[in-house]
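This is what each chain is made of:
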Amino acid sequence: MIDTHMMNDTREICQELQDTYAQLTNLLVFVTNHEGQLITAPSNIDDASVFDKYGSELQNMFKTEIDKLQGIRHTILSDQWVPGVKWLIAPVSVDQSDTGMYVWGGILIQQGTLQSIITHPNYLQPESGAPADFIELMRSWIQNTGEISPDQEIFKREKITKFAKALSLILKSSFKENRLTQRLNALNETLITEQGVGNPIEEITRAVLASSDLADVFGFALKTAPGKYTIMNSMGMNSGTLGGSIFHEGEGFLGQAVLSAQPSRWRDISRDPRNHFFQQKGLDSVYEVQCFPIRYENEVYGLLFGLSFKERSTPSINPQFEETMISLMGWYIGNHITYEKMEKQLQRFKPLIELSRMIISVQDIQRVMFMLVDMSLNLVWNPSASIVVHRSSEDGKIQMVARGMQSPKGETYAKDIARRYLDNSDKPGASSFINSSTPFSLMLEYPIVYADRTRAVLCVAVSNEQEGEECREILSALAMMGSVVMKSVHDRQQYLSNSNRFAHILHEAIREWNVAHYQLTADAQKIVQEFAMWGGIIKEEAEVIGRACLMSCTDPSMLRSFPHLFQQEAEMIEDYKHIQDDQSILGTGSYSKGGQIMALAFAIATAGDHDMRVVNDLQINGVDQGLVSQFRLFVLSRHTLQTEINLVEEKAPATKTLTAEGAEGRGLDAIVKQFGLSPREKEVLELVVKASSNKEIAATLFISEHTVKNHLTNIFNKMGVTDRAQAIAAVFNKSIG
């Protein structure tokens, strides 16, 4: 049956193709077999459940029509149920003798026929005997289907025909492969029991050739390096000496055979110089050599060959059949090898894509080196060793990251790499190179070039040259990715180095005329760094804001004169100065975040030891109140309570030193009392103040996240706030008010 070959990926491809043509033609499209059973899911239908509900009725309807159309070879337009209600029916065949599927496309109402259709007796009183709701559904389809012009009908017919042809081509490929596999299985039943042993390709070859009488000895050779072939296995009388033998393109009978696209045959070769290869293997009496190249498209992968020790007297039909089958088997093996290579490449590309997503965020050269080593071992099919050698300076030292290599061989090889590639760093290295003179196996070496010099080399061990050729492109892509990322890290490090150096030079200049301001800016920078460590901002953001603090006395227009260095810092300094002069309403937060944090940092730095007093009254025009509340928490966290409590004098007044925890508790109690929060709402608000997420609150209190959201809504309504930040601010305002 043709539809037995429409499985798995083939079925998915056909379904997607059908959906595309259905959308293009605006028709309901589906495929059935010759029994009227659905092969694909209907496309372009709002409710496909009708095909499940009335499956048997529809199948009988389709089967009746198919029986009437036996032998069709092209797309036809057929009436269904009521004259004038048209369906396009296109046959799908794998070969010229078998039509096993049909493409259905409908409904089509030709121009000027709708009124006659809905008044036809069979439309008003159908003879089909179908259920009433099904008949009503069919009427609805007809009434909702617009009439089409002759040109539209021709267009839809052409598209359905093309879909049927495309479906036929897809199925032919699957059908032929299955037919070939079935034929090979039929030739030798032993394949069924032995196909799971050893290399699948070699086992297929051995199992099929073992039953052939075309030759006395059979061999199977694979390309293991460019121009180089290895006999992987052999069978027959005295054939054991051939296993593992190597020949090259153009060398002897076998070497000439791989250069031909067609099977080759030589007879009576006893005095031919090319017979020397077999004589060396102890096969002195070879009479005939037959060779069948293993090819796929334009590439040769190996060779099947047979050796006969005497002229064979088998009837001619048998050798012709055997030669055809072995040629087909060579094509099949070549196809299989190609498929395996594609699968290997796909398996290699997947981790490469994943790495590309991660590696672009790495900001450390050594981390990049570790990632390159790990990934290179994943990309090589039989990994054994990998090493990355890097030199970023001229101090005579190199960095090395390696897997699968032990000292001192690894260090010796790393020094050799540095000498050959990195010592000549003024001349960027060439492309990849297969090095066979290493202490290890064959090594693929890839120079990594950035900043106009060879800065690193990625080296990966492979088992043979053929594997090296297969991995060359994917590893080249990995090395290129390493070059891009290392250059990005290098440029960023240079940028940060220059930025920090110039910022400190400008900062040191302040000391000459204003020591107090020099110290104030340094204190502000320290506060910003502590704020980042506390978790208020990320480290990279703190670096920029910290530099802006150091250069806060510098004219922003002068900072912008340094190309690509202080653009962000200049903007922050301008915003900081505007905030100092701002007379607008409190908490507008209309300035950049960096400028606002600078204003808060300088306020705390100016207060010095009295920063807790500043926290009590911290109100700065132009600074977001949520950020102010966050800074209050940060400042409170910087203070530690240390005092002595006299347990005897229980009535002595308690210490008035304020801690972050005490402030939270006092403010929380005041809020609960003022707004009448329930005990559960108090627990939720307490966790909100501690920066817990809804999920964390739910886990702590053993309630659902939905319940947490309800509690928060009630809390915000009672307090008259709209979000967490305002609620936290209210608690801490109460704690220090």
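Residues numbered from 1 in each chain as written. Predicted model: local features only at pLDDT ≥ 70, side-chain atom pairs only at ≥ 80, totals over all residues. Heavy atoms only, no water.

A. Fine view of the overall build of the protein. Helix and strand content of the protein: 27 helices and 16 strands. Considering the protein as a whole, with its 737 residues, one finds that 45% of them fall into the buried category. Contacts in the protein between residues at least 24 apart in sequence constitute 61% of all its contacts with a sequence separation of at least 6. Carbon and sulfur atoms provide 50% of the accessible area of the protein, an area that totals close to 38,300 Å². (Helix = DSSP H or I, 4+ residues; strand = E, 2+ residues; numbered from the N terminus. Buried < 20%, exposed > 50% of the residue type's maximum accessible area, 1.4 Å probe, protein only. Contact = heavy atoms within 4.5 Å. Areas by Shrake-Rupley, 256 points an atom, 1.4 Å probe, with all protein chains shown as cover.)

B. Representation of the sheet that holds strand β11 (residues 299-308) in the model. One open sheet accounts for six strands, arranged β8-β7-β6-β11-β10-β9; its pairing is antiparallel. The open sheet has two free edges, formed respectively by β8 (246-248) and β9 (264-267), since each of these has just one partner strand. Adjacent strand axes in the sheet meet at a mean angle of 25 degrees, parallel and antiparallel pairs treated alike. Pairing of β9 with strand β10 (residues 288-296) involves four bridges; the strand directions are antiparallel. Its bridge partner being in β10, Trp266 is matched across the sheet by Val289. (Pairing = 2+ DSSP bridges. Axes fitted to C-alpha atoms, helices over the stretch in contact; angles between N-to-C directions.)

C. Local environment of empty space enclosed by the protein. Overall, the coordinates contain two cavities of 30 Å³ or more when judged by the stated rule. Counted as a void, the largest cavity has a volume near 90 Å³. Within the residue set of the lining of the largest cavity, elements represented by two or more residues are β1 (28-33), α3 (55-68) and α6 (132-144). By residue number, the principal contributor to the lining of the largest cavity is α3, which donates three residues. (1 Å grid on protein atoms, 1.4 Å probe; cavity = no way out; pocket = protein on both sides within 12 Å on 5 of 7 lines; lining within 4 Å. Points joined across faces, edges and corners; volume = space filled by probe spheres on them.)

D. View of the packing of aromatic side chains. Going through the model one piece at a time under the given rule, you end up with 17 aromatic pairs. Relative to Trp534, the ring of Phe531 lies with its centre 5.9 Å away and its plane at 20 degrees, an arrangement referred to as stacked. Here Phe531 and its partner Trp534 are both found in helix α16 (residues 515-534), three residues apart, which amounts to about one turn of the helix. Among the residues examined, Trp534 registers a relative accessible area of 35% and is labelled partly exposed. (Phe/Tyr/Trp six-rings, centres within 6.5 Å; stacked < 30°, edge-to-face > 60°.)

E. Seen up close, α3. Over its 14 residues, α3 runs 20 Å from end to end, which matches the ideal 20 Å to within 8%, given 1.5 Å per residue. Residues of α3 that are buried: Leu58, Phe62, Glu65 and Ile66. One side of α3 holds all its buried residues, which, seen down the axis, span an arc of 100 degrees. α3 presents Asn60 and Lys68 as exposed residues on the side facing more than 90 degrees away from its buried surface. (Expected span 1.5 Å × (residues − 1). Arc of directions from axis to C-beta.)

F. Looking closely at helix α26 (residues 705-719). Given a rise of 1.5 Å per residue, 15 residues ought to cover 21 Å, and the 21 Å separating the end C-alpha atoms of α26 matches this to within 8%. Residues Val708, His711, Leu712, Ile715, Phe716 and Met719 constitute the buried set of α26. Each buried residue of α26 sits inside an arc of 135 degrees when the element is viewed along its axis, so together they form one side. In this structure, α26 carries His706 and Asn717 as exposed residues pointing more than 90 degrees from its buried face. Just downstream of α26, Gly720 is the residue with a positive phi angle, here 75 degrees.

G. Looking closely at the nonpolar core. Residues Val528, Ile537, Ile545, Ile597, Met598, Val623 and Phe631 are the most contacted members of the largest nonpolar core, which totals 37 residues. Looking at this core, the elements that each hand over two or more residues are α15 (465-511), α16, α17 (539-550), α19 (567-581), α20 (593-607) and α22 (625-637). Ranked by size, the runner-up nonpolar core spans 27 residues in total, among them Val373, Ile448, Val485 and Met486. (Core = buried A, V, L, I, M, F, W, Y, C linked by side-chain atoms within 4.5 Å.)

H. The pattern of salt bridges, seen in detail. The tally for this structure, following the rule as stated, stands at 15 salt bridges. Here Arg420 ties to Glu445 by a salt bridge, and the two come within 2.8 Å at their closest N and O atoms. Placement of the pair is Arg420 in helix α14 (residues 409-422) and Glu445 in strand β15 (residues 442-450), with a sequence separation of 25 residues. If you follow the salt bridges from partner to partner, you end up with Asp416, Arg419, Arg420 and Glu445 in one network. (Salt bridge = Lys/Arg side-chain N within 4 Å of Asp/Glu carboxyl O.)

I. Main features of unusual backbone geometry. That bond from Gly106 to Ile107 is cis: its omega, 0 degrees, falls within 30 degrees of zero. Positive phi is not limited to glycine here, since Asn26 has a value of about 60 degrees. Backbone geometry at Asp268 places phi at a positive 50 degrees, although glycine is not the residue there. Within the secondary structure layout, Asp268 lies in the loop between β9 and α11 (276-280). With a relative accessible area of 48%, Asp268 lands in the partly exposed category.

J. Geometry of the pairing of β10. Across the nine residues of β10, eight count as buried, placing the element largely inside the fold. As paired strands, β10 and β11 are joined by nine bridges and run antiparallel to one another. In the sheet register, Gln290 faces β11, and the bridge partner there is Gly306. Between β10 and β11, which follow one another and run antiparallel, lie two residues, and Glu297 among them has a positive phi close to 55 degrees.

K. Broad picture of the sheet that holds strand β14 (residues 433-435). In spatial order, the strands read β13-β12-β16-β15-β14; together these five strands make up an open sheet with antiparallel pairing. Edge positions in the sheet fall to β13 (399-403) and β14, since each of these pairs with one other strand and no more. Pairs of neighbouring strands in the sheet enclose a mean axial angle of 20 degrees, with direction left out of account. Bridge count between strand β12 (residues 386-390) and strand β16 (residues 453-462): five bridges; the pairing is antiparallel. By the bridge assignment for β16, Ile387 is matched with Cys459. Here helix α13 (residues 365-379) sits on the sheet and contacts β12, β13, β15 and β16; the angle it forms with β13, its principal contact strand, is near 25 degrees. Across the sheet, α14 touches β12, β13, β14, β15 and β16, and the angle it forms with β16 is around 135 degrees.

L. Local environment of the environment of Ile148. Counting through the fold element by element, Ile148 comes out in strand β5 (residues 147-148). Counting along the chain gives 39 residues from Ile148 to Ile109, while the straight-line C-alpha distance between them is 6.2 Å. Sequence-distant contacts of Ile148, that is, excluding residues within four places in its chain, are made with Leu108, Ile109, Gln110, Gln111, Glu153 and Lys156.

M. Representation of the confidence of the model for the protein in the model. Scored by pLDDT, the protein has a mean of 77; 75% of the residues are at 70 or more. Taken together, the stretch residues 649-660 has pLDDT below 50 and engages in nine contacts with residues farther than four places along the chain or on a different chain. (pLDDT = per-residue confidence, 0-100.)

N. Spatial organisation of the packing of helix α24 (residues 679-689) against helix α25 (residues 694-701). For the pair α24 and α25, interaxial distance at closest approach is 10 Å and the crossing angle is 135 degrees. With respect to their mutual orientation, α24 and α25 come out oblique. Two packed elements cross with a definite hand, and for α24 against α25 that hand is right-handed. On α25, the residues touching Arg680, Glu683, Val684, Leu687 and Val688 of α24 are Ile697, Thr700 and Leu701. (Parallel < 35°, antiparallel > 145°, perpendicular 65-115°, else oblique. Left-handed = near helix turned anticlockwise from the far one by under 90°.)

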